[in-house]
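# Coordinate inspection notes
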Amino acid sequence: MALKDYPVDECLLQGNASCPGCPATIGLRLVLKALGKKTIMVVPACCTAVIESLYPHTSFDIPVMNIAFEAAAAGASGVEAALRQQGRTDITVAAWAGDGGTYDIGIQALSGALERRTNFIYICYNNQIYSNTGIQRSGATPYAAWTTTTVSGKNEFRKEMGEIILAHHIPYAAQTCISYPEDVISKITKAKNIPGPKYIEILAPCPPGWRFSMDKTVEMGRLAVDSGAWSLWECENDVMTFNGKSKLILEKKIPPKPVEEWIKYQGRFSHLFKPQRDEERLKAIQKYIDDLWERYRKCYLKP
Amino acid sequence: MKKYPVETSLSYPKKGAMGKTGSWRVFKPILDKKKCVKCLRCWIFCPEGSIHREKDDSVSIDYDYCKGCGVCANECNVKAIIMEREGEKKK
Ligand SMILES: Cc1ncc(C[n+]2csc(CCOP(=O)(O)OP(=O)(O)O)c2C)c(N)n1
Ligand code: SF4
Ligand code: SF4
Ligand code: SF4
Ligand SMILES: [Mg+2]
């Protein structure tokens, strides 16, 4: 589908509370174009709960249920059960949560909903921090990144949520990024039409959180993929496919850009470059990415 | 709009739920329609949904709500959108 084939209708209204250059609203616009109006979204505490704006108004032109930080997947399970009782099969239930709400506090509810084979789409927009509360570290924050709780850089590496999800062997799981509208829309559309639990994670580069200029949101996502710091893939019934540039990187048809090409634009890594280069940590960041791809190749590259 | 009789805090959809967010702008995107090739990249990427798309796929900017982030200018491959400081006019 080309851009011109996407619906003009917007389910996320203008004049909301998002920061200028917000990746969450780019993601929401794309996701809602794919899901359409017959969607109920369940949103836990995260930036998106703020983007909904102030009572008694909301910027969402679809029904949204807000729920506690840890409970997106549990809340969505309840909505799905209620719709099932009413015999409504025409409505998509989607949880939309941040990385904090997914990797950390919401992982138990999420794992449970996947294991129960709940018929819903769980979407995680991953800005690699708790941004709503002022940029704290999460399980998705990369090694060495500054946050307000890792002032000299995070000591630990991020966890690979995708791999945790794959261990549930659900009908559909995917990783994408807001910089690739075709990829986002095709994956959400596919998930919409598959019964059972679906998981889609969207990388969402956040200007205030990552400390880059707000006009570069989309560019930062592209560089993440070009450098292999993020990858585009989908796994349908245990068949794994890498997409776009990520496929070429997996098959070694193109070399990924050095990860430095991605991090050098982000203020959250600036302590690695000044007053002098921190070669040790720069190497460790690159090694993590190299090792991840080697693991992917071992698991998913057919000889 | 249908109102629901429920005893909970229920919000209803409204454009401009945070007011006219165009007032947040420091830089203003200026579109040169002559350069535009109607690729719709600015439309799909505008975080605010403030780029309107017409039937013929031409685009226009809604300054009431555009927050001036500059994503549209950065993503336009033919430089049909430039950013100008509010109140200053480039020739
Ligand atoms: C149980 C609980 N602990 C802490 C909070 C405070 N809190 C609200 S949102 C949030 C961070 C959300 O981070 P994430 O899920 O990544 O979403 P983002 O803000 O980045 O969009 C926190 C810590 C809360 N609401 N509930
Ligand atoms: S902090 Fe980041 S994710 Fe949150 S509203 Fe602002 S730009 Fe969007
Ligand atoms: S990105 Fe540029 S060329 Fe494409 S529609 Fe927008 S203004 Fe026109
Ligand atoms: S400056 Fe930002 S908010 Fe304004 S039209 Fe361009 S992309 Fe949209
Ligand atoms: Mg987050």
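The coordinates are above.
The sections below set out a description of the structure shown in this document. These figures come from a predicted structure and were not determined experimentally.

### What to know about helix α12 (residues 279-300) of chain A
An α-helix turns once every 3.6 residues. As a result, residues three or four positions apart point the same way. All names here are of chain A. In this model, α12 (22 residues) spans 31 Å end to end at C-alpha, consistent with the 32 Å of a helix rising 1.5 Å per residue. When α12 is considered as a whole, its buried residues turn out to be R281, L282, I285, Y288, I289, L292, W293, Y296 and R297. Structurally, α12 contributes buried residues whose contacts are with α6 (161-166), β8 (233-236), β9 (239-242), α10 (244-250) and α11 (260-263).

### Description of the site of ligand 2
For ligand 2, the full set of nearby residues is C19, C22, P23, C47, N127, S131, C206, P207 and P208 of chain A. Of the residues assigned to the shell around ligand 2, the class counts are seven nonpolar, two polar and no charged.

### A few points about the interface of chain B and chain A
Taken residue by residue, the interface counts 36 residues in chain B and 40 residues in chain A. Counting the surface lost from both chain B and chain A, the interface buries some 3100 Å², and carbon and sulfur atoms represent 58% of this. Taken together, chain B and chain A are joined by one salt bridge. When the shortest N-O distance is used, the salt bridge between E75 of chain B and R222 of chain A registers 2.8 Å. Breaking the side of chain B that touches chain A down by element, the ones donating at least two residues are β1 (12-13), α1 (41-45), β3 (51-53) and α2 (71-75) of chain B. Top element by residues in the side of chain B that touches chain A is α1 of chain B. It accounts for four residues. Partitioning the side of chain B that touches chain A into residue classes produces 16 nonpolar, eleven polar and nine charged. With two bridges connecting them, strand β2 (residues 57-58) of chain A and β1 of chain B associate as parallel partners. From the neighbouring strand, H57 of chain A faces β1 of chain B, where its bridge partner is Y12 of chain B.

### Some details on the sheet that holds strand β5 (residues 120-126) of chain A
All names here are of chain A. Spatially, β3-β1-β4-β5-β7-β6-β8-β9 is the arrangement adopted by the eight strands of the open sheet, whose pairing is mixed. Each of the sheet's edge strands pairs with one partner strand only, and the pair in question is β3 (64-67) and β9. Between one strand axis and the next, the sheet turns by 15° as a mean value, whatever way the strands run. Pairing between strand β6 (residues 172-177) and strand β7 (residues 197-203): six bridges, direction parallel. Looking across to β7, one finds that A173 is bridged to Y199. Contacting β1 (39-44), β4 (92-98), β5 and β7, helix α1 (residues 23-35) crosses the sheet at an angle of about 170° to β4.

### Concerning a nonpolar patch on the surface
Taken together, L54 of chain A together with M18 and W24 of chain B make up a surface patch of nonpolar side chains, about 280 Å² in accessible area. Here L54 of chain A lies in the loop between α2 (47-51) and β2.

### Some thoughts on the pairing of β9 of chain A
Residues and elements named next belong to chain A. Residues of β9 alternate between two faces, with M240 and F242 buried on one and V239 and T241 left unburied on the opposite face. Examined bridge by bridge, β8 and β9 share four bridges and lie antiparallel to one another. Each residue of the ladder has a partner; that of E236, found in β9, is V239. Hairpin geometry of β8 and β9 is characterised by an intervening segment of two residues between the two adjacent antiparallel strands and by a positive phi of about 45° at N237.

About the criteria used
Residues numbered from 1 in each chain as written. Chains lettered and ligands numbered in written order. Predicted model: local features only at pLDDT ≥ 70, side-chain atom pairs only at ≥ 80, totals over all residues. Heavy atoms only, no water. Helix = DSSP H or I, 4+ residues; strand = E, 2+ residues; numbered from the N terminus. Expected span 1.5 Å × (residues − 1). Buried < 20%, exposed > 50% of the residue type's maximum accessible area, 1.4 Å probe, protein only. Contact = heavy atoms within 4.5 Å. Near = heavy atom within 4 Å. Nonpolar A, V, L, I, M, F, W, Y, C, P; charged D, E, K, R; others polar. Buried area = accessible area lost by both parts, 1.4 Å probe. Salt bridge = Lys/Arg side-chain N within 4 Å of Asp/Glu carboxyl O. Pairing = 2+ DSSP bridges. Axes fitted to C-alpha atoms, helices over the stretch in contact; angles between N-to-C directions. Patch = residues over 30% accessible without salt bridge, like charges linked within 9 Å, V, L, I, M, F, W, Y side chains within 5 Å. Areas by Shrake-Rupley, 256 points an atom, 1.4 Å probe, with all protein chains shown as cover.

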